[in-house]
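Examining the three-dimensional arrangement
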Amino acid sequence: MIAPILLRRVGHIDPESLADYEAYEGFRALRQVLMRRPEQVVEMVKASGLRGRGGALFPTGVKWEAVARQPRRPKYVVCNADESEPGTFKDRVLLEGDPFAVVEAMVIAGYAVGASKGYIYVRGEYHRAYTRLSRAVSVAREAGYLGTHILGSDFSFDIEIRRGAGAYVCGEETALFESIEGKRGMPRQKPPFPTEQGLFGQPTLINNVETLACIPWIVRSGPAWFREIGSPAMPGPKLFCVSGAVQRPGVYEAPVTITLRELIEGMAGGLPSGQEVQAILVGGAAGAFATPEEMDTPLTPEALQAIGVPLGSGAIMVIDHRVPLWEVLRRVARFFAHESCGKCYPCQLGTYRQWEIVERLARGEPLPGDVERLRDIAATMADASICGLGQTAANAILSALEKGLVSVPTPA
Amino acid sequence: MHSPQPERWQQVDEIIQRWATHGRSGLLPCLLEVQDITGYLSPELCAHIARHLRVPEADVYGLISFYSLLYDRPVGRVVLRVCDDVPCYVRGSSELLNALQEALGLEPNKTTADGAITLEVHPCLGRCERAPFVLINDDEIGPARAEDVLARVQAHLQSAPSTLSERAEDPAATEEGTG
Ligand SMILES: Cc1cc2nc3c(=O)[nH]c(=O)nc-3n(C[C@H](O)[C@H](O)[C@H](O)COP(=O)(O)O)c2cc1C
Ligand code: SF4
Ligand code: FES
């Protein structure tokens, strides 16, 4: 097992102390970056092979380059700290335990893409993370790491923190921009993409907390070092949120070559004696189920794809054999029906229909044709929804049906 | 009827003034910060904020109805958010929720008759390693047992200052303070 990188400081330093952060490598990457040209920094991120940790796995360097090339100003850097995917809590652990790392990474990103202002959008229920970040930003500003002429250079950059207000969909990047702009958080049609027209209509780089947390380490140790960790398609360390029926639920750092079994039985201590794995919901409510037989699958994108499971946000929810799985599916269905923003009909109607049908199936009182109807709705939502919420809302439920994890009651 | 608390209105006006220069982009943080003090956003407060941030009043209500953490009617001084999402459910959130409902005599999303406690059932609160998890205002409890939650609720009720919203004051009366 490798020593933790992203979690290296978490729990080992006082997260409110700049001196502690500096003593553990803090802000050295920024100093290094300010001596290079912005293009070199973008090149380094591209060469690292880093892919977005917010769920979509988009190549980070490609995004940085697209924003760097935009001639329009101002440009913005946004940190997506809205973390609301069920079963996901890694970003909270980073924000609470190592807030200066996000600040440092955002300044580096701003320098690389030519942005002058950054926003951190923090989930509304993350009070401690918000307080720690606010403190980190003001302490960093006083110390000259933020503001005008950062560390005596020509580069100026500042950060504003915004609180979310309890809407899952606001984690979707364009909905998040709408929210910062003071509107209801409804996703926009894409294109145009954020790299061209993002926050306030300006070129915008948006990255997840964990994605950003990788950046200072890539700068310090180099892209080649980063690529040695993980798999060719998914280099670098990854955070996994292991929850549910394990002895030690928590955030674990590992390369994606680790298997579900090693993560669950090794790192998270396995299930309490007498309990067995019934199913594993991987990737959040927007994810899909793995079966106990699939536990030797590594968490690489390719291996997961072969079993029809997305890595998503890195949520690994372990469900033991005592839990009625229909109750789990009810919660997933209710979640999407509640969180659909209502902008497009396939999702607005589909998530409600899906919830109604799942409720009937969970009660053991389906109507004839309910399962076929569920599949129809799923296909329509996947094809015709504007954003990822509607596009993924049926995945977990379909995967439970397809893998035979739940039995379908027969209509009366 | 209690006596008004001028220092709280002053806090509200300071918040509004700070965000007024941001216009519409200041609306959501302004509403959240004001609500931190007032407990909920009364029609008078909404009108007041709309005027100072120069946005239509309808847009203020649009935000309140969209965002689940914004309230346009009074909520309890103590808001209990019980997570009932998958990881918490696997670790006993249903039993916890039932016990709390019974002890408090409350259905989900209802407030006790004395306006003290609101009970909400919540999707994942992002603390699944502490399942089953409960937020009491912004105080975290997990793994939560019903007895501990109830004791902590009592402690909050004794210490939590009553909010401005209980004091039926008209914000227009402090207009001169907002400049
Ligand atoms: C419904 C929905 C919710 C999302 N929630 C989050 C979130 O909470 N945090 C996050 O980083 N990305 C979230 N995303 C993904 C973002 O849209 C975006 O891809 C991400 O912030 C990009 O950063 P990355 O490339 O660093 O992953 C969500 C997407 C959808 C469709
Ligand atoms: S897919 Fe759902 S959440 Fe996304 S824009 Fe359409 S209605 Fe809103
Ligand atoms: S499921 Fe309860 S905190 Fe995540």
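Just so it is clear, the structure is predicted and the values come from calculations on it, not from any experiment. (Residues numbered from 1 in each chain as written. Chains lettered and ligands numbered in written order. Predicted model: local features only at pLDDT ≥ 70, side-chain atom pairs only at ≥ 80, totals over all residues. Heavy atoms only, no water.)

Comments concerning the domain arrangement of chain B
For clarity, the threshold we go by: For each domain, the first and last residues come from an automatic or database assignment.
By the assigned domains, chain B splits into domain 1 (6–72 + 164–168) and domain 2 (78–159). For domain 1 of chain B versus domain 2 of chain B, the separation of C-alpha centres amounts to 27 Å.

Quick word on helix α6 (residues 93–104) of chain B
Residues and elements named next belong to chain B. Counted only if it meets this: Numbering of helices and strands runs from the N terminus, with a helix taken as a DSSP run of H or I at least four residues long and a strand as a DSSP run of E at least two residues long. Multiply 1.5 Å by the residue count of a helix minus one, and that product is the helix's expected span. Any two residues whose heavy atoms approach within 4.5 Å are treated as being in contact.
With twelve residues, α6 ought to run about 16 Å at 1.5 Å a step, and its terminal C-alpha atoms sit 16 Å apart, in line with that. Along its buried surface, α6 packs onto β1 (78–83), α5 (86–90), β3 (117–122), β4 (134–136) and α7 (146–159). Looking one or two residues past α6, Gly105 carries a phi angle of roughly 65°, positive in sign.

Let's talk about the interface of chain B and chain A
Inclusion rule: The term buried area refers to how much accessible surface (probe radius 1.4 Å) is lost by two components on association, counted for both of them together. Any Lys or Arg side-chain nitrogen found within 4 Å of a carboxyl oxygen on Asp or Glu counts as a salt bridge. Think of a polar contact as two N or O atoms within 3.5 Å of one another; within protein, one of them needs to be a possible hydrogen donor and the other a possible acceptor, and neighboring residues in sequence only count if both atoms come from side chains.
Residue-level contacts link 37 residues of chain B with 54 residues of chain A. Interface area for chain B against chain A, summed over the two sides, is near 3500 Å², with a carbon-plus-sulfur share of 56%. Counting every contact that joins chain B to chain A gives five salt bridges. A salt bridge links A:Arg128 to B:Glu140, with the nearest nitrogen and oxygen atoms 3.3 Å apart. At the junction of chain B and chain A, the tally comes to 21 residue pairs in polar contact (both at pLDDT 80 or more). Of all elements in the fold, only α2 (27–38), α4 (57–66) and α5 of chain B reach the threshold of two or more residues within the side of chain B that touches chain A.

Quick notes on the domain arrangement of chain A
Residues and elements named next belong to chain A. Selection criterion: Note on residue categories: nonpolar means Ala, Val, Leu, Ile, Met, Phe, Trp, Tyr, Cys or Pro, charged means Asp, Glu, Lys or Arg, and polar means any other residue, Gly included.
The domains assigned to chain A are domain 1 (18–228), domain 2 (234–297 + 314–320) and domain 3 (325–402). Inter-centroid distance (C-alpha atoms) of domain 1 to domain 3 is 33 Å. On the side of domain 3, eight residues touch domain 1, which itself brings eleven residues to the contact. A buried area of about 820 Å², summed over both sides, lies between domain 1 and domain 3, and 75% of it is on carbon and sulfur atoms. Of all residues in domain 1, Tyr168, Met186 and Pro187 give up the largest surface area on contact with domain 3, accounting jointly for 56% of the area buried on that side. Here domain 1 and domain 3 share zero salt bridges between them. Partitioned by chemical class, the residues of the side of domain 1 that touches domain 3 number six nonpolar, three polar and two charged.

Considering the packing of helix α14 (residues 345–363) of chain A against helix α15 (residues 370–384) of chain A
Two quantities define a packed helix pair, namely the angle between the axes and the distance from one axis to the other. Residues and elements named next belong to chain A. Rules: For helices, the axis comes from a line fit to the C-alpha atoms of the stretch in contact; other axes are also lines fit to C-alpha atoms, and the angle between any two N-to-C directions lies between 0 and 180 degrees. When an angle is under 35 degrees it counts as roughly parallel; over 145 it counts as roughly antiparallel; between 65 and 115 it counts as roughly perpendicular; any other value is oblique. Two helices that cross are described as forming a left-handed crossing if the nearer one is turned anticlockwise from the farther one by less than a right angle, and a right-handed crossing if clockwise.
Two numbers describe how α14 lies on α15: the axes approach to 10 Å, and their chain directions differ by 155°. Between α14 and α15, the crossing angle belongs to the class labelled roughly antiparallel. For the crossing formed where α14 meets α15, the hand is left-handed. The segment α14 lies against α15, with Pro346, Cys347, Gly350, Thr351, Arg353, Gln354, Ile357, Val358, Arg360 and Leu361 engaging Asp370, Val371, Arg373, Leu374, Ile377, Thr380, Met381 and Ala384. Residue composition of the contact of α14 with α15, by class: ten nonpolar, four polar and four charged.

Let's talk about the site of ligand 1
Residue and element names in this part refer to chain A. Stated formally: We call a residue near a molecule or strand when any one of its heavy atoms sits within 4 Å of it. The Shrake-Rupley method, run with a 1.4 Å probe sphere, supplies the accessible areas, and residue values consider only the shown protein chains as cover.
Neighbouring ligand 1 are 18 residues; Gly54, Lys63, Asn207, Asn208 and Thr211 lie closest to it. In the environment of ligand 1, an oxygen atom lies 2.9 Å from a nitrogen or oxygen atom belonging to the side chain of Asn80. Taken by itself ligand 1 offers 610 Å² of open surface, and the protein chains cover 89% of this. Among the elements of the structure, β4 (204–208) and α16 (388–392) are those that each provide at least two residues to the shell around ligand 1. Looking at which element gives the most residues to the shell around ligand 1, the answer is β4, with three residues. Its residues assigned to classes, the shell around ligand 1 shows three nonpolar, nine polar and six charged.

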